[in-house]
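# Working through the structure, step by step
Chain by chain, the residues run as shown.
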Amino acid sequence: MLKNLFRTKSLEQLKAKAEEPEYQLKKNLGTFDLTMFGIGAIIGAGIFSAIGTAAAGNLTDGRLGAGPALVVSIILVAIACGFTALAYAELASMIPVSGSAYTYAYATLGELMAWIIGWDLLLEYAVSNVAVAISWGDYTRSFLANVMHIHVPGWLAMDPRTALQLTDGIPVMTISAKLQALVQAKAGLINGAATFANWATLKDAPMVLGFPVTFNLLAMIITVLVTWLVYIGIKESARANAIMVVIKVVILLGVIGLGIKFIRHENWIPFAPHGWKGIQAGAAIIFFAFIGFDAVSTTAEECKDPGRSLPRGILFSLAICTVIYAAVALVVTGMMKYTDLAGKADPLAYIFSQQKMYMAAGIISFGAVIATTAALLVYQVGQPRIFMSMSRDGLLGPWFGKISKKYGTPGNATLLTGLLVAIPAGLMNIDIIVELANIGTLFAFAIVCAAVMILRAKRPEAIRRFRAPWVWFVGCAGIISCIWLAAGLPPSTWIRFFAWLVLGLLVYFIYGIRNSTLREKHEKA
């Protein structure tokens, strides 16, 4: 049984399994669709929110920011992602199977590493999508209140942990309890005035044992709607994504065009206030805004010509987003002193509101809603296809790989992904999960860079519709870049990441290794 841990699957085995009738998906996607999917995934909440923290740093945990040198951070991240994108492009053209990095690891590093990567991809797709859904809820509530003047009650837009923090853990039971808290405040025991104000925010919430019942309704609603769209078909999802991509790209181009005339060159001085440490820290933060181009490879089995379209979709989307990001960074740090961006959850809208361009700020807020919707859509497309690939390899049960006869999509896996995202999005705090997304993605990227070199050595004769130039340099540089970016993440993120991997190994040794189709094949032989 343990021999399976390092056994690999041949390219022919991987392709043959995907071509079995029970796993056939509808082939509807071309280069344009894949490029739009890539842009849809990349331009999400990151550029609309993380750009402020990447420039100014985080005052809460003392993390440095890049300052005006954020554009350097963006270029460095783009180069690092470019190495990985070239590796993804070559592997996707060789192995047009939906498993993405999971499948590439199976072909090069063996079943155990494939499982680890498959489990790791849960962080990049499903778990990070929880953060995207929560961000969508926050942006939408802000947009509805500030632009549409529609107010969502606080208890319908708040996770239970935040509600307990707001009330200082004190039961909201009676008026007398509130008055008693205010009396205690005068005695210096608690901040009763603040507690009273926070109680007022939750005054309409239903109570259980004196504590408010709260959940993020908006985050749950958008997850359900996007899951339904992904379930009914890949072409329908592609059309909706293309529309949203056009909207958010136009809005970002508007930010660049309008913002240029408000640039003050003195805001760029000093250019790199914290030197290379600040640039590295900014790169580690802004990396979140680049996650997504790899999701294109999960649609391999739904492409009309995957060998041609997948590499183009991956590389075109990354190149387009890099140019937009660099221009936005220059405009943002030129319009306002980078230190003024600290703690701003919506820095782009904030900057324009400070220029009294309130209509532009409202449109930018709308763009953030659209951006997060598109990112949510693409990740909801990616995760079920990872489940499907792992299922047909026997590492997950057959239920996960079942294809909907009506829609030609991995129906069960899509509905499960919706459930795995919707419930935590409604009940969890974004700070608990968001930091795991970056390190999980960097780990997958490093494995892909290693895989492309291994396959060049093991299968030099294999047909490659796209060949990464200088593959040994690209692969090594990609791995080193991922390590450099990961080094900028806090220690707590590493601890949570390793804990997640240990949990995954337990699942593998309890179920996966015993039901692997690779194990069954070798035992019969």
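In this numbering scheme, every chain counts its residues from 1 along its sequence in written order. The predicted origin of the model limits local features to residues at a pLDDT of at least 70 and limits the giving and counting of side-chain atom pairs to 80 or more, whereas totals for whole chains, interfaces and linings rest on all residues. Where side-chain values are given, they derive from all heavy atoms of the structure, hydrogens and water being excluded.

Take the overall build of the protein next. Only DSSP runs of H or I reaching four residues or more are called helices, and only runs of E reaching two or more are called strands; each is numbered from the N terminus. Within the protein one finds 20 helices and two strands. The buried label goes to any residue with under 20% of its type's maximum accessible area, the exposed label to any with over 50%, and the partly exposed label to all in between, with areas taken from a 1.4 Å probe on protein chains only. Here the protein, with 525 residues, has 59% of them falling under the buried criterion. Across the protein, the fraction of contacts at a sequence separation of at least 24, relative to all contacts at a separation of at least 6, is 84%. Accessibility throughout is a Shrake-Rupley quantity obtained with a 1.4 Å probe, and a residue counts as covered only by protein chains that appear here. Counting only carbon and sulfur atoms, one obtains 69% of the accessible surface of the protein, whose full area is about 21,100 Å². Throughout, a residue-residue contact means that at least one pair of heavy atoms, one from each residue, lies within 4.5 Å.

Buriedness of a pocket was judged along seven lines, with at least five required to meet protein on both sides within 12 Å; pockets are open sets of points on a 1 Å grid over the protein atoms alone, cavities are sets where a 1.4 Å probe fits but cannot get out, and lining residues have an atom within 4 Å of a point. Grid points are joined across faces, edges and corners, and a volume is the space filled by probe spheres set on the points. In this structure, the second largest pocket encloses a volume near 420 Å³. In terms of lining, the second largest pocket is formed by 23 residues, of which the most central are Trp119, Leu122, Val127, Leu420 and Trp500. Contributing elements (two or more residues each) for the lining of the second largest pocket: helix 6 (111–146), helix 15 (358–392), helix 16 (411–427), helix 17 (430–458) and helix 19 (491–515). When residues in the lining of the second largest pocket are grouped by element, the largest group, eight residues, is from helix 6. Under the grouping applied here, Gly and all other residues not named as nonpolar or charged are polar, the nonpolar ones being Ala, Val, Leu, Ile, Met, Phe, Trp, Tyr, Cys and Pro and the charged ones Asp, Glu, Lys and Arg. Of the residues in the lining of the second largest pocket, the class split is 20 nonpolar, two polar and one charged.

So, about the pattern of salt bridges. A pair is scored as a salt bridge if a Lys or Arg side-chain nitrogen falls within 4 Å of a carboxyl oxygen belonging to Asp or Glu. Evaluation of the coordinates by the stated rule reveals eight salt bridges. Linking Asp305 and Arg465 is a salt bridge whose minimum nitrogen-to-oxygen distance equals 3.2 Å. In this pair, Asp305 is assigned in the loop between helix 12 (275–286) and helix 13 (306–335) and Arg465 in the loop between helix 17 and helix 18 (471–486), connecting sequence segments 160 residues apart. The class of Asp305 is partly exposed, set by a relative accessible area of 27%. The closest approach of N and O atoms between Arg459 and Glu461, which form a salt bridge, is 2.5 Å.

Core analysis: the largest hydrophobic core is formed by 161 residues, its most contacted members being Ile43, Phe48, Ile51, Ile95, Phe293 and Val328. The leading source of residues in this core is helix 6, at 20 residues. When residues no more than four places from it in sequence are discounted, the contact partners of Val328 are Ile47, Ile51, Leu252, Ile256 and Leu348. Nonpolar core, defined: a set of buried Ala, Val, Leu, Ile, Met, Phe, Trp, Tyr and Cys residues in which side-chain atoms within 4.5 Å join the residues together.

Of note, the bond from Ile269 into Pro270 is cis; its omega dihedral lies within 30 degrees of zero at -5°. Mapping Pro270 onto the fold places it in the loop between helix 11 (234–259) and helix 12. Even without being a glycine, His149 presents a positive backbone phi close to 60°. One can find His149 in the loop between helix 6 and helix 7 (160–166). Residue classification places His149 among the exposed residues on the basis of a relative accessible area of 61%.

Further remarks concern a nonpolar patch on the surface. Patches here are clusters of residues that have more than 30% relative accessible area and form no salt bridge, with a 9 Å joining cutoff for like charges and a 5 Å cutoff for nonpolar side chains (Val, Leu, Ile, Met, Phe, Trp, Tyr). A surface patch of nonpolar side chains, amounting to about 470 Å² of accessible area, comprises Val502, Leu503, Leu506, Ile510 and Tyr511. Secondary-structure assignment places Leu506 in helix 19.

Following the sequence through the fold, Asn216 ends up in the loop between strand 2 (211–212) and helix 10 (217–232). Taking the relative accessible area as the measure of exposure, Asn216 reaches 5% and is therefore buried. One polar contact links the side chain of Asn216 to the main-chain amide nitrogen of Ala219, over a distance of 3.2 Å. Counted as a polar contact is a pair of N or O atoms within 3.5 Å, where, for protein atoms, one must be capable of donating a hydrogen and the other of accepting one, and residues adjacent in sequence contribute only when both atoms are in side chains.

The next point concerns the packing of aromatic side chains. Centre distance within 6.5 Å is the pairing criterion for rings of Phe, Tyr and Trp, where only the six-membered ring of Trp is used; planes under 30 degrees apart are then read as stacked, over 60 as edge-to-face, and the remainder as tilted. Tallied over the full model, the rule gives 20 aromatic pairs. Where Phe83 meets Phe473, the ring centres are 5.7 Å apart and the plane angle is 90°; that geometry is what we call edge-to-face. Taken as a pair, Phe83 in helix 4 (residues 70–94) and Phe473 in helix 18 lie far apart in primary sequence, 390 residues in all. When the ring of Phe143 is compared with that of Phe366, the centres are 5.7 Å apart and the planes differ by 40°; the resulting orientation is tilted. Taken together, the positions of Phe143 in helix 6 and Phe366 in helix 15 put the pair 223 residues apart, joining distant regions of the chain. Phe366 sits in the partly exposed class, given a relative accessible area of 33%.

With that settled, consider the environment of Glu111. Examined against the element boundaries, Glu111 turns out to sit in helix 6. You can call Glu111 buried: its relative accessible area is 0%. Placed 104 residues apart in sequence, Glu111 and Arg7 show a C-alpha to C-alpha distance of 6.0 Å. Polar side-chain contacts of Glu111 include one of 2.7 Å to the side chain of Tyr508. Polar side-chain contacts of Glu111 include one of 2.4 Å to the side chain of Ser516.

Moving on to helix 10. Multiplying one less than the number of residues by 1.5 Å gives the expected span of a helix. Over its 16 residues, helix 10 extends 23 Å from the first C-alpha to the last, a length consistent with the 22 Å expected when each residue adds 1.5 Å. Where helix 10 is concerned, the buried positions are Leu218, Ala219, Ile222, Thr223, Val226, Thr227, Leu229, Val230 and Ile232. Buried residues in helix 10 make contact with helix 6, helix 11, helix 15 and helix 16. Gly233 sits one or two residues past helix 10 and shows a positive phi near 155°.

In this section: the side chain of Thr108. Structurally, the position occupied by Thr108 is in helix 5 (residues 101–108). On the basis of relative accessibility, which here comes to 7%, the residue Thr108 falls in the buried class. Within the structure, Thr108 has its side chain in polar contact with the backbone oxygen of Tyr104 (distance 2.8 Å). Excluding its chain neighbours within four sequence positions, the residues that come into contact with Thr108 are Thr8, Ala451, Ile454, Leu455 and Lys458.

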